[in-house]
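Each chain, written out:
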Amino acid sequence: MASTDAESADPPGSAAAPADPAPADPDPTLEEPTPRAPKSHPAHPPATPWDVARNVAGWAAAGRKEATARVVPLDEAMGQTLARALVALTDLPSFDTSAMDGWAVAGPGPWRLLTDRGHRGILAGQGGDVRLSDGEAVRIATGAPVPPGATAVLRFEHGVVRSHGELYADRHLTQGQDVRPRGQECREGDELLPAGVVVTPAVVGLAAASGYDELPVLPRPRVEVLVLGDELLREGLPHDGRIRDALGPMLGPWLSALGAEVVATRRLGDTATALRTALEASDADLVLTTGGTAAGPVDHVRPILRQLGAEPLVDGVAVRPGHPMLLARLASGRHLVGLPGNPLAAVAGLLTLAEPLLRALAGRPARRPCRAPLTEDVPGHATSTRLVPVVRTPDGYARPVRFHGPAMLRGLAAADALAVVPPGGPGPEGEAELLALPWEGDR
């Protein structure tokens, strides 16, 4: 979790004081409503409710995983998603195995070591013709196969070899002690992991142990980011009415944390021709645009999508910040998510539309719902859901952070989740659903 020291340094009267204005007095940190379209244009459709928009995004890629599953070597599977359940190809372990260095023993002690027959012990990776009768023992290494007739393994530190090669135990030894029996972890045919699990180093290790050389996976969705705006600077300090581009550097790592493969981040000027050319040239599974989704003189995203014959799936969401966001299916079957240009509003679009769409494209299950009571009252918007950056406290509460206006990132940088405040405010218990940030993991 990011440090919250920045919050404590807020000056008095900063942008997000603990108490927000009442709904009748518009919250100054919220975005202004999208300007009305001129009367000569058709009226904009009503904004989609926030929870409905997320569901639409999650279903938008239905059926893709069957078309894109592929089999890759184990060392290429990291970060991708299992397309089918991982089923054990063998028993694990595949034979009775010593769990410790010591002696394999048969029956009650004391035992006679087999060194008098020339046996120097059983090592891992070795078979052999050793067979024990009651009262016999043989040295054995961790991971070595336990010989027939053995009833337990006596740890090296618990045994004493006396004269004439006799082995004694300094404590009681139970039947099967320190023996990993065949099939203890799984039996051949057992389901080890379901489809949809992200391949981690531990998954690779389990697959290798159970006999796999390759895995069926769904590849990471390929995403291209188009950052729109003539006013954006790539480096240096803001000057002459121009501002630094915060979204270009932020979106790539954020999308990677969501399991996507970012193929390019391109910066375009505010021209319709540049945007159309970029969309026609892209072969990414998802194109993510920033800015240009409202109704200003250089907001070209919606007109270009109409020209390209795209199917609008979500055209505006009843959420603050971020309500001008959109989701469309391009003629090629690929998708576009249009994010607002304000940084926190863009993050709201990421969590509302891009995250559920990417999870569907990657075949990953939805995150487990998480709720927490808020430490203070957060007024709800009259008709829209609010997304408010919060910090989870050790005692299980969620504390709203300061500096949470749509153009601000300071509060988000100190947060570990966004609280979902429905229209009208939290319920009677003051609880809210939490959207964990991707680097905070699924909780």
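Everything in this summary refers to the structure shown in the same document. (Residues numbered from 1 in each chain as written. Predicted model: local features only at pLDDT ≥ 70, side-chain atom pairs only at ≥ 80, totals over all residues. Heavy atoms only, no water.)

1. A short note on unusual backbone geometry
Here is step 1: Between Leu92 and Pro93 the backbone carries a cis peptide bond, its omega angle lying at -15°.
Here is step 2: In this structure, Pro93 sits in the loop between strand 4 (86-87) and strand 5 (97-98).
Here is step 3: For Asp178, which is not a glycine, the phi torsion comes out positive at approximately 55°.
Here is step 4: Among the structural elements, Asp178 can be located in the loop between strand 11 (166-169) and strand 12 (179-180).
Here is step 5: Residue Asp178 is classed as buried on the basis of its relative accessible area, which comes to 16%. (Helix = DSSP H or I, 4+ residues; strand = E, 2+ residues; numbered from the N terminus. Buried < 20%, exposed > 50% of the residue type's maximum accessible area, 1.4 Å probe, protein only.)

2. Observations regarding helix 2 (residues 50-59)
Here is step 1: Along helix 2, the positions that sit buried rather than exposed are Trp50, Ala53 and Ala57. Considered in projection along helix 2, the buried side chains sweep an arc of 60° and stay on one side of the axis. (Arc of directions from axis to C-beta.)

3. Some points on the nonpolar core
Here is step 1: Membership of the largest hydrophobic core comes to 42 residues, with the highest contact counts inside it found for Trp254, Leu255, Leu288 and Leu357.
Here is step 2: Counting residues per element, the ones that place at least two in this core are helix 2, strand 15 (222-228), helix 5 (247-257), strand 19 (286-290), strand 21 (317-320), strand 23 (335-339), helix 8 (343-362) and strand 27 (417-421).
Here is step 3: For this core, the element with the highest residue contribution is helix 8, accounting for 12 residues.
Here is step 4: Among all residues touching Leu288, those that are not within four sequence positions of it are Val223, Glu224, Val225, Leu226, Leu251, Leu255, Val337, Leu339, Leu350 and Ala354.
Here is step 5: In terms of nonpolar packing, the next biggest core, distinct from the first, is built from 15 residues, Leu275, Ile304, Ala310 and Leu326 among them. (Core = buried A, V, L, I, M, F, W, Y, C linked by side-chain atoms within 4.5 Å. Contact = heavy atoms within 4.5 Å.)

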